[in-house]
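Tertiary structure, described
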Amino acid sequence: PAHARREADGAVSVAGVPVTALAAEFGTPLLVIDEEDFRARCRGMREAFGADAAVHYASKAFLSMEIARWVRDEGLSLDVCSGGELAVALRAGFPAERIALHGNNKSVAELDFAVESGIGHVVVDSLSEIARLDAVAAERNTVQEVLIRLTPGVEAHTHEFISTAHEDQKFGFSLAATAGREASGAGSDSPAMQAVTAVFAADNLRLVGLHSHIGSQIFDVNGFEIAARRVLELLRDVVARFGAEKTAQLSTIDLGGGLGISYTAHDDPPPVTDLAAKLRHIVEAESAALGLATPHLAVEPGRAIAGPPGITLYEVGTIKDVAVDAASASDAAAAQGFRRYVSVDGGMSDNIRTALYGAEYTAVVASRDPQGAPVLSRIVGKHCETGDIVVRDTDTPGDLAEGDLLAVAATGAYCYSMSSRYNMQPRPAVVAVKDGAARLILRRETVDDLVSLEVL
Ligand code: LLP
């Protein structure tokens with residue numbers, strides 16, 4: 001987090017609050033969010049993309065009612081991808097007209113909830129959804145604004161499970177004329193053009209934009225540029241086919257989320273201002289070259305806002321040195337002759353990203369100034385599963401001991417939101433720190449919570 005420091009006594013503080021005090025008051029594992037850092041990232045996005053652009057915080061990264069209020073108060077819009085996220089945002093008082101609904105399989109109930117709530121727009125993902133949403137809007141006697149989710153065929157260089165814009169995947173409408181078997185009798189139109197045609201033909205839908213999301217944790221601006229160009233080419237074709245009047249309100253190009261953040265010292269993400277300047281430039285230049293009015297730019301960052309402000313505090317438990325046979329292990333632990341397994345009091349239930357994606361994190365001793373020669377170690381959780389790893393390979397100080405606090409950085413995004421109660425582990429508490437004060441925003445789960453769904 002921006003406001004984390006190692007104080008003179010050796011302990012880390014966040015926004016002026018020592019982590020030792022946080023652990024003593026709220027227990028561990030504990031997710032600590034630097035509120036001012038989170039808010040500053042919201043503002044930084046708005047400034048970078050300009051007053052004319054819409055910045056939607058992707059709530060899947062991390063949503064609670066308190067977080068929704070920060071996002072609302074900083075003037076951002078919100079991207080939700082389920083009825084649950086929508087309900088939490090609305091209960092927090094997030095203005096419905098600033099919310100967009102995503103999803104490849106929205107239920108009729110979710111669509112109806114969205115339309116009834118008066119949300120800003122729905123990002124439609126299939127021809128059958130276009131028909132369903134049109135019917136829902138007709139039933140409610142209203143016209144719903146929509147964006148069309150496109151698959152621009154860009155492969156962002158990121159982990160396979162989290163890249164979403166190559167053609168063979170479940171999201172969106174392909175721009176390629178030969179792709180797709182969903183509709184017949186539409187000549188050689190691409191699935192994307194078929195979707196545009198379907199929305200224009202729907203009495204209770206209004207097409208206001210085109211959407212693309214190429215993946216997550218992206219460092220290379222190139223992918224966004226290619227996607228933007230392809231989306232604008234579709235826009236040009238649509239304007240040519242349907243005419244200026246019919247397409248007058250088709251004025252938004254939403255390039256989704258995906259901005260990468262730094263998890264370890266090897267990561268070097270481009271500054272948001274650079275990315276924003278490049279995207280603004282390409283949208284302006286390309287639309288001018290295609291003879292189009294400059295569309296409004298929209299983006300949906302999640303990780304880049306919520307990730308860095310979060311750190312997870314764990315208490316160190318069992319420390320075990322396990323012999324590593326140089327003949328069978330190829331990594332540095334073999335040279336060391338052993339691997340040090342440092343167990344903490346959470347794990348894959350509060351951060352599944354290492355197990356699921358091979359994500360990399362750093363861990364530091366946060367409760368005191370550590371001493372002693374570094375020992376190559378593996379930070380593991382307390383779950384009954386071998387793959388329950390928090391940090392695969394990291395040095396820990398030689399004097400690491402039970403009871404020390406470890407802090408794992410950049411855990412604000414996709415950790416709590418992907419958490420589980422595996423092994424009946426209660427979810428951790430979440431605390432916001434700001435100006436030297438800590439405020440609980442999500443309490444720790446209890447055994448009562450664990451049994452709260454039981455019907456006996
Ligand atoms: N917009 C859409 C349509 C998305 O699908 C996503 C993320 C975002 C925005 C936000 O992307 P971000 O700015 O956070 O990269 N669980 C994975 C990440 C999955 C991202 C899914 N979609 C992880 O932990 O890395």
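Within each chain, residues carry numbers counting from 1 in the order of the written sequence. Note on the predicted model: pLDDT of at least 70 is required for a residue's local features to be given, and 80 or more for side-chain atom pairs to be given and counted; whole-chain, interface and lining totals, by contrast, use all residues. The side-chain figures draw on all heavy atoms in the structure; neither hydrogens nor water molecules are used.

**Quick look at the site of the ligand**
Proximity is defined per residue: any heavy atom of the residue falling within 4 Å of a molecule or strand makes that residue near it. Taken together, 19 residues lie around the ligand, and S216, E300, R353, Y357 and Y414 are the ones closest in. Pairs of N or O atoms are called polar contacts if they sit within 3.5 Å, as long as, within protein, a hydrogen donor faces a hydrogen acceptor (for residues adjacent in sequence, only side-chain-to-side-chain pairs). One nitrogen or oxygen atom from the main chain of G302 is found 2.9 Å from an oxygen atom belonging to the ligand. In this structure, Y414 approaches the ligand through a side-chain N or O atom, which is 2.6 Å from an oxygen atom. Contact with the protein chains hides 91% of the accessible area of the ligand, taken as 590 Å² for the molecule alone. Under this grouping Gly is polar, as are all residues other than the nonpolar Ala, Val, Leu, Ile, Met, Phe, Trp, Tyr, Cys and Pro and the charged Asp, Glu, Lys and Arg. When grouped by side-chain class, the residues that make up the shell around the ligand number six nonpolar, seven polar and six charged. Each accessible area is a Shrake-Rupley result for a 1.4 Å probe, and residues are judged covered by the shown protein chains and nothing else.

**Structural notes on the packing of aromatic side chains**
Paired rings are identified among Phe, Tyr and Trp, the last through its six-membered ring, by centres lying within 6.5 Å, and are further divided according to the angle between planes into stacked (under 30 degrees), edge-to-face (over 60) and tilted (the rest). Taken as a whole, this structure holds five aromatic pairs when the rule is applied. Ring geometry for F62 versus Y416: centroids 5.6 Å apart, planes at 55°, classification tilted. Of this pair, F62 sits in the loop between β5 (54–58) and α3 (65–73) while Y416 sits in the loop between β19 (405–409) and β20 (429–434), placing them 354 residues apart in sequence. Each member of the pair F62 and Y416 is classed as buried. Note on F200 and F242: the rings are 4.8 Å apart at their centroids and 55° apart in plane angle, and the pair reads as tilted. With F200 in helix α7 (residues 191–201) and F242 in helix α8 (residues 222–246), this residue pair connects regions lying 42 residues apart in the sequence. A residue is classified by how much of its surface remains accessible, and F242, at 23% relative accessible area, is partly exposed. What links up through ring pairs into an aromatic cluster is the set F38, Y57 and W70. Think of it this way: any DSSP run of H or I at least four residues long counts as a helix, any run of E at least two long counts as a strand, and we number them from the N terminus. Burial here depends on accessible area, computed with a 1.4 Å probe over protein chains only, as a share of the maximum for the residue type. Under 20% is buried, over 50% is exposed, and the range in between is partly exposed.

**So, the nonpolar core**
One broad rule of soluble globular proteins: the nonpolar side chains tend to lie buried together. Counting residues in each nonpolar core, the largest one holds 103 residues, and the members touching the most others are F38, F49, Y57, F62 and I148. At eight residues, the largest contribution of residues to this core is made by α8. In this structure, L22, A23, F26 and A366 belong to the second largest nonpolar core, which totals 18 residues. In this text, buried Ala, Val, Leu, Ile, Met, Phe, Trp, Tyr and Cys residues form a nonpolar core when linked through side-chain atoms within 4.5 Å.

**Regarding the environment of A285**
Position of A285 among the secondary structure elements: in helix α9 (residues 272–289). Classification of A285 as partly exposed rests on a relative accessible area of 33%. A sequence separation of 56 residues divides A285 from R229, and the C-alpha atoms of the two residues are 9.8 Å apart.

**Considering the pairing of strand β4 (residues 30–34)**
The buried count for β4 comes to five of five residues, which makes it a mostly enclosed element. Alternating residues of β4 divide into L30, V32 and D34 and L31 and I33, and every residue in both groups is buried. Criterion used throughout: strands pair if DSSP finds at least two bridges between them. One ladder, built from four bridges, connects β4 with strand β14 (residues 310–323); its direction is antiparallel. Across the sheet, the residue bridging to L31 is T312, located in β14.

**Focus: the environment of A437**
By the element assignment, A437 lies in strand β21 (residues 437–442). Once the C-alpha coordinates of A437 and V14 are considered, the two residues, 423 residues apart in sequence, prove to be 9.6 Å apart. Only heavy atoms enter the contact rule, under which two residues are in contact if any of them lie within 4.5 Å. For A437, the residues in contact, after removing those within four places along its chain, are V17 and A432.

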